[in-house]
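Overview (structure and organization)
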Amino acid sequence: MVQTQPTEALEQIAAQFMTHRAKLFAIAHRSLRSPWAADDAVQETWERLQRTDTAAIENLEAWLTTVVSRVCIDMIRRQVSRREDVEEDPREAELDSGPVPPDPFEAALRADDLALAMQIVLDALGPRERLALVLHDVFALSYDDIAPIVERTPTASRQLASRARARVRRVDVDKARTTRSAAIGAFLQAARDGDFGALLQLLDPEIELRSDDEAIALAADGSEHGAPLLGGRIRGADAVARVFAGRAELARLVLLDGVPAVAYADGDTVRAVYLITFDGGRITRIDVLAHSAPLSALRAARR
């Protein structure tokens, strides 16, 4: 039977939830690397909270962190299952089988380096590996706190993070950041010049451009001044190139959590961000966000 909350109680719960929403989005986005999937995970967490007896929750932040993390684990597992028809990482059976050897890389990576490195090796990390690393190295949770979230012992949780950390440390972050920044710079220059051929060379043939409603409205208001011709979902290199050709004058290269991205700023205020996903040297996805909720969870720094 689904519980329902009185209106007044629901309003109080919603207000409390909103104080933690940015953190929940950040956890989900770091783990899933898709703002749309992260938003779905946060929404699912909210729906579960509405169905829960909140009087029995001793620590709301811890409860929300646990729930959004487990939602992410389920989402990652479904993605992997669709690609590889597997449900669980078989290597997890090896965990917690004895003492954990010292980890020479136990010191946490810089958060900005971790964000870019994880984006590059994300598909090589299992769902619990991702969460253990993110929760420990980014949000500074102890392995005792992480253990119930990933449903493993503290020892196994440490092993999960250690194994993931070893993978991400193999990434040459400085080189990746420089290479991706140069590619985004070339993309912006080709867009400003209206160089359609150059844009096509930079875009994957199957690229997808996805924008939230606020970004579409913002672009529509600025279309006469050269804003990109955004739509909800646009697929294919030719169509995406037409969106940006001659229309990127006000877009600038930024670092977003250490990851090269694009931002449209009004003075010092970032109004929209363009998250760029690469495969090899080509751009495979562009996600445009202007809604205040995800923007508050992401940090942009002008280069």
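Residues numbered from 1 in each chain as written. Predicted model: local features only at pLDDT ≥ 70, side-chain atom pairs only at ≥ 80, totals over all residues. Heavy atoms only, no water.

As a reminder of what qualifies: UniProt positions are given in the numbering used here, feature names are shortened, and annotations may be inferred rather than shown by experiment.
An unreviewed UniProt entry annotates the protein chain as Sigma-70 family RNA polymerase sigma factor of Candidatus Microbacterium stercoravium. Its UniProt record gives the protein chain a comment under Subunit (unreviewed entry), which states: "Interacts transiently with the RNA polymerase catalytic core formed by RpoA, RpoB, RpoC and RpoZ (2 alpha, 1 beta, 1 beta' and 1 omega subunit) to form the RNA polymerase holoenzyme that can initiate transcription."

1. Side note on the pattern of salt bridges
How we decide: Each reported salt bridge corresponds to a side-chain nitrogen of Lys or Arg within 4 Å of a carboxyl oxygen of Asp or Glu. Secondary structure elements follow DSSP: runs of H or I of four or more residues count as helices, runs of E of two or more count as strands, with numbering from the N terminus.
Overall, the coordinates contain 15 salt bridges when judged by the stated rule. Across the pair R21 and D39 runs a salt bridge whose closest N-O atoms are separated by 2.7 Å. With R21 in helix α1 (residues 7-32) and D39 in helix α2 (residues 35-50), this residue pair connects regions lying 18 residues apart in the sequence. Salt bridges here are not isolated pairs; linked through shared partners, they connect E44, R48 and R51.

2. Details of the confidence of the model for the protein chain
The following threshold applies: What pLDDT reports is the predictor's confidence in each residue, on a scale of 0 through 100. In what follows, a contact means two residues having at least one pair of non-hydrogen atoms within 4.5 Å.
Of the residues in the protein chain, 84% reach a pLDDT of 70 or more, and the chain-wide mean stands at 85. In the predicted structure, residues 82-88 sits below a pLDDT of 50 and forms 10 contacts with residues beyond four places in sequence or in another chain.

3. Concerning the packing of helix α6 (residues 143-150) against helix α7 (residues 154-168)
Quick note on the threshold: Interaxial angle, 0 to 180 degrees, is taken between N-to-C directions of lines fitted to C-alpha atoms, where a helix line uses only the stretch in contact. The cut-offs work like this: below 35 degrees is roughly parallel, past 145 is roughly antiparallel, 65 to 115 is roughly perpendicular, and the gaps in between are oblique. Put simply, Ala, Val, Leu, Ile, Met, Phe, Trp, Tyr, Cys and Pro go in the nonpolar bin, Asp, Glu, Lys and Arg in the charged bin, and everything else, Gly too, in the polar bin.
Following both chains from N to C, one finds α6 and α7 inclined at 90°, their axes separated by 8 Å at the closest point. Classified by the angle between their axes, α6 and α7 sit roughly perpendicular to one another. Residue-level inspection shows Y143, D144, I146, A147 and V150 of α6 in contact with α7, the latter providing P154, S157, R158, L160, A161 and R165. In terms of residue class, the contact of α6 with α7 is built from seven nonpolar, one polar and three charged.

4. Details of the packing of aromatic side chains
Note the cut-off: Between 30 and 60 degrees the pair is tilted, below 30 it is stacked and above 60 it is edge-to-face, where a pair is any two Phe, Tyr or Trp rings, Trp via its six-membered ring, whose centres lie within 6.5 Å. Buried, partly exposed and exposed residues are distinguished by accessible area as a fraction of the type maximum, computed with a 1.4 Å probe on protein chains only: under 20%, between the cut-offs, and over 50%, respectively.
Using the criterion set out here, one finds three aromatic pairs in the structure. An angle of 45° between the planes, with centres 5.2 Å apart, marks the rings of F17 and W46 as tilted. Residue F17 is located in helix α1, and its partner W46 is located in helix α2; the two are separated by 29 residues in the primary sequence. Exposure class is identical for F17 and W46. Each is buried. Among the aromatic residues, those joined into a ring-pair cluster are F187, F244 and Y274.

5. Here we look at the nonpolar core
Note the following rule: Note on terminology: a nonpolar core comprises buried Ala, Val, Leu, Ile, Met, Phe, Trp, Tyr and Cys residues joined through side-chain atoms within 4.5 Å.
Grouped together as the largest cluster of nonpolar side chains are 34 residues, with contacts concentrated most on F187, L209, F244 and I286. With six residues, the top contributor of residues to this core is helix α8 (residues 173-193).

6. What about the side chain of T277?
With respect to the secondary-structure elements, T277 resides in strand β5 (residues 269-279). A relative accessible area of 18% means that T277 is categorised as buried.

7. Overview of α2
In plain terms, the rule: Expected span, for any helix, means 1.5 Å times one less than how many residues it has.
Taking 1.5 Å of rise per residue, the 16 residues of α2 would be expected to cover 22 Å, and the 23 Å separating its terminal C-alpha atoms lies within 8% of that figure. All of the buried residues in α2 are P35, W36, A37, A38, A41, V42, T45, W46 and L49.

8. Comments concerning the pairing of strand β6 (residues 282-289)
Going by this rule: Pairs of strands are assigned from DSSP output, requiring at least two bridges between the strands.
Here five bridges tie strand β1 (residues 203-211) to β6, and the two strands are oriented parallel to one another. Its bridge partner lying in β6, R210 is registered against D287. As paired strands, β5 and β6 are joined by seven bridges and run antiparallel to one another. Within β6, the residue paired with V273 across the bridge is L289.

9. A look at the environment of A28
With respect to the helices and strands, A28 occurs in helix α1. If we skip the residues at most four places from it in the chain, A28 touches R33, A38, A41, V68 and C72.

10. Remarks on the environment of R247
With respect to the helices and strands, R247 occurs in the loop between α11 (237-244) and β3 (251-256). Between the alpha carbons of R247 and D193 there is a distance of 8.6 Å; along the sequence they are 54 residues apart. The contact partners of R247, leaving out residues within four places of it in the chain, are A191, S223, G226, A227, P228 and L229.

11. Examining unusual backbone geometry
In the Ramachandran plot, R33 falls in the positive-phi region, its phi being about 55° despite a non-glycine side chain. Phi is positive for D257, close to 55°, though the residue is something other than glycine. Looking at D257, the relative accessible area reads 11%, which means it is buried.

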